[in-house]
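Fold and contact review
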Amino acid sequence: APPAGPGAAAPQAGVAALTDEDFEATVGGGLEHPWFVKFYAPWCGHCKALAPVWEELAGKLKGSVGVVSVDCTVARWTAEEYDIGGFPILKLIAGGRV
């Protein structure tokens, strides 16, 4: 796996699934490069419909913007930190801003 953290290499193709344990270390506030994050719940119909589009977007943005997903039923701390109240929620994190 590629190294995680603010010093990590440019984002790779594919959607990485992040958890409370690796979210901040991977995204790092978007200081090194921007990250597009999908906050979702596995039972959410709209989230399921978005999944193939999210994968396609990851391929198109490869090397410039990281595309990741966070299962909020598992990563509850991260969901709370980013004020997630519904699903899906898409956030762009770049330059220390959301």
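This text goes with the structure placed above it.
Structural notes, computed from the coordinates. (Residues numbered from 1 in each chain as written. Predicted model: local features only at pLDDT ≥ 70, side-chain atom pairs only at ≥ 80, totals over all residues. Heavy atoms only, no water.)

1. Topic: the environment of C72
As for its position among the elements, C72 is in the loop between strand 3 (66-71) and helix 3 (76-81). Separated by 12 residues in the primary sequence, C72 and I84 place their C-alpha atoms 8.3 Å from one another. Those residues in contact with C72, other than ones at most four positions away along the chain, are F39, Y40, A79, I84 and F87. (Helix = DSSP H or I, 4+ residues; strand = E, 2+ residues; numbered from the N terminus. Contact = heavy atoms within 4.5 Å.)

2. Regarding the sheet that holds strand 4 (residues 89-93)
Ordered in space as 1-3-2-4, the four strands form an open sheet in which the pairing is mixed. For this open sheet the edge positions go to strand 1 (16-18) and strand 4, each flanked by a neighbour on one side alone. Sheet twist, expressed as the mean angle between neighbouring strand axes with direction ignored, is 30°. As paired strands, strand 2 (residues 35-40) and strand 3 are joined by six bridges and run parallel to one another. Counterpart to K38 in the pairing with strand 3 is S69. Across the sheet, helix 2 (residues 45-60) is in contact with strand 2, strand 3 and strand 4; its angle to strand 2 comes to roughly 165°. (Pairing = 2+ DSSP bridges. Axes fitted to C-alpha atoms, helices over the stretch in contact; angles between N-to-C directions.)

3. Structural notes on the packing of aromatic side chains
Going through the model one piece at a time under the given rule, you end up with five aromatic pairs. Between the aromatic rings of W43 and F87, the centroid separation amounts to 5.6 Å while the plane-to-plane angle is 90°, which identifies the pairing as edge-to-face. With W43 in the loop between strand 2 and helix 2 and F87 in the loop between helix 3 and strand 4, this pair connects stretches of sequence that are 44 residues apart. Overall, the relative accessible area of 29% leaves F87 in the partly exposed class. Feature note: the residues F23, F39 and Y82 constitute an aromatic cluster, connected by ring pairs. Positioned above the aromatic ring of Y40, the side-chain terminus of K38 is 5.0 Å from the ring centre. (Phe/Tyr/Trp six-rings, centres within 6.5 Å; stacked < 30°, edge-to-face > 60°. Buried < 20%, exposed > 50% of the residue type's maximum accessible area, 1.4 Å probe, protein only. Lys NZ or Arg CZ within 6 Å of the ring centre and 35° of its normal.)

Remember that the coordinates give geometry; whether it matters functionally is a separate question.
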